[in-house]
Structure formats: structure tokens, C-alpha cells
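Listed below, chain by chain, are the residues.
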Amino acid sequence: MKLILLGAPGAGKGTVAKLLTAIDGSVQISTGDILRGAVQAGTELGKEANGYMTRGDLVPDSLIMGIMEKRLQEADCQKGFLLDGFPRTIPQAEALTELLAKLNIKLDMVADIDVPRDVIFDRLCTRRTCSNTDCQAIYNIKSNPTKVEGICDKCGSPAIQRADETEEAIGHRLDTYNEKTAPVAGFYEKKGLLKKITGTSSDVVVAAIKKQLGL
Ligand code: AP5
Ligand code: MG
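Just so it is clear, the structure is predicted and the values come from calculations on it, not from any experiment.

Conventions used here
Sequence order sets the numbering: in each chain, residues are counted from 1 along the sequence as written. The lettering of chains begins at A and the numbering of ligands begins at 1, in the order of writing. For a predicted model such as this one, the threshold for reporting local features is a pLDDT of at least 70, and the threshold for listing and counting side-chain atom pairs is 80 or more; totals across whole chains, interfaces and linings nevertheless cover every residue. Side-chain descriptors were evaluated using all non-hydrogen atoms of the structure, hydrogens and water having been removed beforehand. Pairing between strands is defined by DSSP: at least two bridges between them are needed. Segments assigned H or I by DSSP are reported as helices when at least four residues long, segments assigned E as strands when at least two residues long, and all are numbered from the N terminus. By the convention used here, residues are in contact when the closest approach between their heavy atoms is within 4.5 Å. The convention used is that axes are lines fitted to C-alpha atoms, helices contributing only their stretch in contact, and that angles between N-to-C directions extend from 0 to 180 degrees.

S.K.: Can you lay out the sheet that holds strand β5 (residues 127-130) for me, pointing to particular residues and giving the numbers?
M.R.: Consider a sheet: its strands pair through backbone hydrogen bonds, and that pairing is either parallel or antiparallel. The sheet built from three strands is open, its strands ordered β6-β5-β7 with antiparallel pairing. Bordering the open sheet on either side are β6 (138-140) and β7 (159-160), each of which pairs with just one other strand. In terms of strand pairing, β5 meets β7 through two bridges, oriented antiparallel. If you follow C130 over to β7, its bridge partner there is A159. Each of β5 and β6 touches helix α6 (residues 117-126); the most contacted strand, β5, lies at about 45 degrees to it.

S.K.: So what's going on with the sheet that holds strand β2 (residues 27-30)? Which residues, and what values?
M.R.: Taken together, the five strands give an open sheet; going across it, the order is β2-β3-β1-β4-β8, and neighbouring strands pair in parallel fashion. A single partner strand is all that each edge strand has here, and the edge strands are β2 and β8 (194-198). Pairs of neighbouring strands in the sheet enclose a mean axial angle of 25 degrees, with direction left out of account. Here strand β1 (residues 2-7) runs beside strand β3 (residues 81-84); their pairing, made up of four bridges, is parallel. Looking at the pairing, I4 lines up with L83 of β3. Of the strands in this sheet, β2 and β3 are in contact with helix α2 (residues 31-41), which crosses β2 at around 65 degrees. On top of the sheet, helix α7 (residues 167-190) reaches β1, β4 (109-114) and β8; it is set at about 140 degrees to β1, its chief contact.

Listed below in C-alpha cells is the structure:
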């Protein structure tokens, strides 16, 4: 499957992407995960992105397009991909359209996961993420806790709060989403690709996406 997962911070894009990869081996491509990996590795990209991310601002479009242009041409994308957290601005959506045309790739669908703001705020305050950048498994102390407190079930690394999980940064990320990313849904609606998916249970969201894809 070749999908874009749209949705506010905390809507469950990462959680749903991980569940969908198990269906047909499509790869999850999370720009947030890639950037957090670069920050932890201390690369030039990471140094440039770090300040924006900690504040809850978007990283400049040019940096993101540089990452995605390379990533989408890697061999593992041929089976399919789930774009998680990208595109996030109209210029990114326009650049992606051009890039996909150049690579002769057709998107199946853009799933816009819609979750109420109060649910989102609660989820982000209680999320834990594996600190191993090759893992970045997602947990929640209420809905999906680790078996041993603070330790990732999959790789044994500490499961921690992300640097952008302060109350201030969460509020700013939600505002940035409304201003810059929500219009991306309209962009894909005009192309006839958008499907709005409601439901607060991940299983319901995954089932709705599968149904839309005829799987
Ligand atoms: P990114 O990592 O993409 O963060 P985000 O969009 O803010 O989204 P989140 O990862 O916070 O939420 P999610 O929707 O993945 O939810 P999750 O599945 O974890 O981006 C981080 C930063 O990187 C940005 O602020 C920006 O600076 C930069 N960046 C990234 N991409 C960029 C781009 N394209 N352009 C510019 N800048 C970019 O779920 C949340 C929690 O809820 C978890 O605890 C989970 O366990 C729980 N949960 C999920 N589903 C359910 C459920 N159904 N029921 C109960 N709990 C649930
Ligand atoms: Mg995520």
C-alpha cells in the first residue's frame, strides 16, 4: 500500500503505521523518527532540526524534502510505504506530487485520522517512546504500558518522554498543525484521495483503512 497518514500530533499516526506494516510489509517512513535519529546521532541535519523540534515548530521544508527524496528511492519502498508526518505543509505536498510523478509512483489514499483535541492532549502527556532510535516503539502509560516500567518491551532500552512533550511544546505543535498542516487535507481532497477516518481505537482505524483499500 502507498499511503499518507495525516492527523494532528497524537492522533495515532505512528501507532497505526506500525500496525499497517504488518499487513503487507509496506515500510513506515516517519519524518519525526528520522529527525529524532539525526538529533541523537548529532549529525548536521540533527543539529539544524533540534531547536525547531524542541519548540514544536516545523523543520524547514527544504530539509524535509532532501530527506524524503532520498528515502523514497530506497529499495524497501517498492513494496509500499506509509508516510507518517509528511507532508505537513502545502509546499511539501506540492513537492511530493512532483517527486512521485518523477518516480512514477501512484498514491492509493490519504487517510486523515481525526481525534478530538482533549483526547490528543491526554495521549501526548502519557506517551512513552523507546529511546533507541532504531526502535522508537510507542507506548502509553494508560492505554499501552511497557511490561516493565520505563523499559521497551521490544529492545530493552529506556522508554522515555520525547523532548517535545512539554505542555508548552504540545500546545504549540497543535497550533502549528491547525495553521500549517490542516490545509494539506484540503489539498488531497481536491485530488479525490482523502478519506477521513474517525475512531479512537487503533483497531477501528486500521480496519477502516483496510476497508477503504479493499483489503
Ligand atoms: P512527529 O514525530 O511526526 O510528531 P507529531 O506529528 O507531532 O505526531 P506524534 O508522533 O506526536 O503523534 P502520532 O500521531 O504519531 O501519535 P502516536 O501513534 O505516537 O514530528 C515531531 C517534530 O518533527 C515536529 O514537531 C517537527 O518539528 C518535525 N517534523 C516531522 N516531520 C516534519 C515535516 N514533514 N515537516 C516539518 N517538520 C517535521 O500516539 C500518541 C499516543 O497515543 C501514544 O502514547 C500511543 O500509545 C497513544 N495512542 C495511539 N492510538 C491510541 C488509541 N487508539 N487509544 C489509546 N491510545 C492511543
Ligand atoms: Mg508519531
